[in-house]
Amino acid sequence: MSFPTSKQHGYLPVPNIEDTVDSPRPRSDLEAPPKYSYFEDVEEQEYDAMRPRKRAETWKTTLTVGLLVAAAMYALVSGLRGAFGGSGCHGRKSGLPTHYTLPSGDRIPSVALGVWRAEKGKVGEAVKTALKAGYRHIDGAWTYGNEAEVGAALRESGVPREDIWLTSKLWNAFHAPEDIEPVVDESLSKLGTNYLDLYLIHWPVAFKKDTAFEIDWDLTNDPYPTWQKLEELVEKGKLRNIGISNFNIRRIQNLTANPLKIKPAVNQVELSYWNPQPELLKWSKENGLLLEAYSPLGSAERVKESLNIPIVKSIAQQLGITPAQVYISWHVQRGTVVLPKSVTPSRVEENFQITRLPQRHFDQLEEAAQSHKPERSVDPSERWGIDIWN
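Parameters at a glance
Residues numbered from 1 in each chain as written. Predicted model: local features only at pLDDT ≥ 70, side-chain atom pairs only at ≥ 80, totals over all residues. Heavy atoms only, no water. Helix = DSSP H or I, 4+ residues; strand = E, 2+ residues; numbered from the N terminus. Buried < 20%, exposed > 50% of the residue type's maximum accessible area, 1.4 Å probe, protein only. Contact = heavy atoms within 4.5 Å. Areas by Shrake-Rupley, 256 points an atom, 1.4 Å probe, with all protein chains shown as cover. Salt bridge = Lys/Arg side-chain N within 4 Å of Asp/Glu carboxyl O. Lys, Arg positive; Asp, Glu negative; His and termini not counted. Polar contact = N/O pair within 3.5 Å; in protein donor to acceptor, adjacent residues only side chain to side chain.

Where an unreviewed UniProt entry is consulted, the chain appears under the name NADP-dependent oxidoreductase domain-containing protein, with the organism given as Candolleomyces eurysporus.

Shown next as structure tokens:
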């Protein structure tokens, strides 16, 4: 199969399409995490050899000695920071993977900006801030209702289309094969592109057309017809990779028991301190399925509590990073893509600066996350009238 090339596709001019989704997106601003001092990477300065000076040049000698002492102190602090696993920029010295390779051969960036719950009027600036900070992965969905603004920000950023990984998702109301391509085309139009790098079945739940939450049990119990249409759109070049979201092991196996042309590349699920899902993570690694972690800080409603967990605060203080960076680093170190969300510029930038945790700290956080009963932050089972997780 042939995929679009950068010469074929850039960003496309699109008409002003009003978002048709009026889904509620309540949001509370995140508590600002505590700030720590960072020592930025600098080139080591060179100094001329000292030479005898006259008494009148004493001030010059004093200044030079002071600079040498400052340089020595910086080298000492930098060495200690390195020894204890201190802060490093993602993609440069973090010691963590910047990308994962999917079965198609495409390389997906390990840290993305998630735009769920990002309000209109703010999401565009968040996207531009993220791209300026170095992000190259934007995770969105049709039902978020902000694809048009995201698309406008992508075009205004000046970053070439082929350098950005774009993800969108198929909403529950469009699982019928005949409904899939039109809604994919709508997302493509709003985002201003001819293809998506990744497209996911948003939930393992199909709604009947033109209903609120009435379950289509046939397509819910057997998502194979939906998957076959997605495979067709890969063959057409509209989608490069396809995957799933919010699928547990049983539902994954229910899908993959069919004669698939393309296996799911990704499963995007809730992963956090509160809901670490170690069994799903282990099974997914054994079966070549990459997990993506949404709500990695525990969702907007619990982020303040998450950032105040004593072990996380302790690790952050020892490493000279923020609690949010501890969590995001932990997720990537677990071998998952992580999707932190924020529209605040300083937090968007902070969330991209990750570093490998020393093994003892990683183990401490992993043990703490598994020491309590798992709690989901996102569970529409009761509202939709279906047990999603069994």
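On we go from here.
(A) Up close: the overall build of the chain. For the chain, the helix and strand inventory stands at 14 helices and 10 strands. In the chain, buried positions account for 51% of the 390 residues. In the chain, 77% of the contacts between residues at least 6 apart in sequence involve partners at least 24 apart. Accessible surface, the chain as shown: approximately 18600 Å² in total, 52% of it carbon and sulfur.

(B) The arrangement of the pattern of salt bridges in detail. In total, this model carries 19 salt bridges according to the counting rule given. With a shortest N-O distance of 3.0 Å, E181 and K236 are connected by a salt bridge. With E181 in helix α4 (residues 177-191) and K236 in helix α6 (residues 224-236), this pair connects stretches of sequence that are 55 residues apart. Among the residues examined, E181 registers a relative accessible area of 15% and is labelled buried. Here K261 ties to E235 by a salt bridge, and the two come within 3.4 Å at their closest N and O atoms. Residue K261 is located in the loop between α7 (249-256) and β8 (266-270), and its partner E235 is located in helix α6; the two are separated by 26 residues in the primary sequence. Taking the relative accessible area as the measure of exposure, K261 reaches 65% and is therefore exposed. Overall, the relative accessible area of 43% leaves E235 in the partly exposed class. Overlapping salt bridges, with partners in common, bring together E181, D185, K229, E232, K236 and K238 in one network.

(C) Layout of the side chain of E231. With respect to the helices and strands, the residue E231 is situated in helix α6. Here E231 occupies a buried position and makes no salt bridge, while the nearest side chain of opposite charge, K261, is found at 5.5 Å. Sequence-distant contacts of E231, defined by excluding residues within four places in its chain, comprise I242, L260, K261 and I262.

(D) View of the side chain of T167. Tracing the chain through its elements places T167 in strand β5 (residues 165-170). In this structure T167 comes out as buried when scored by relative accessible area, which is 3%. A polar contact of 3.3 Å, which involves the side chain of T167, links it to the side chain of W165.

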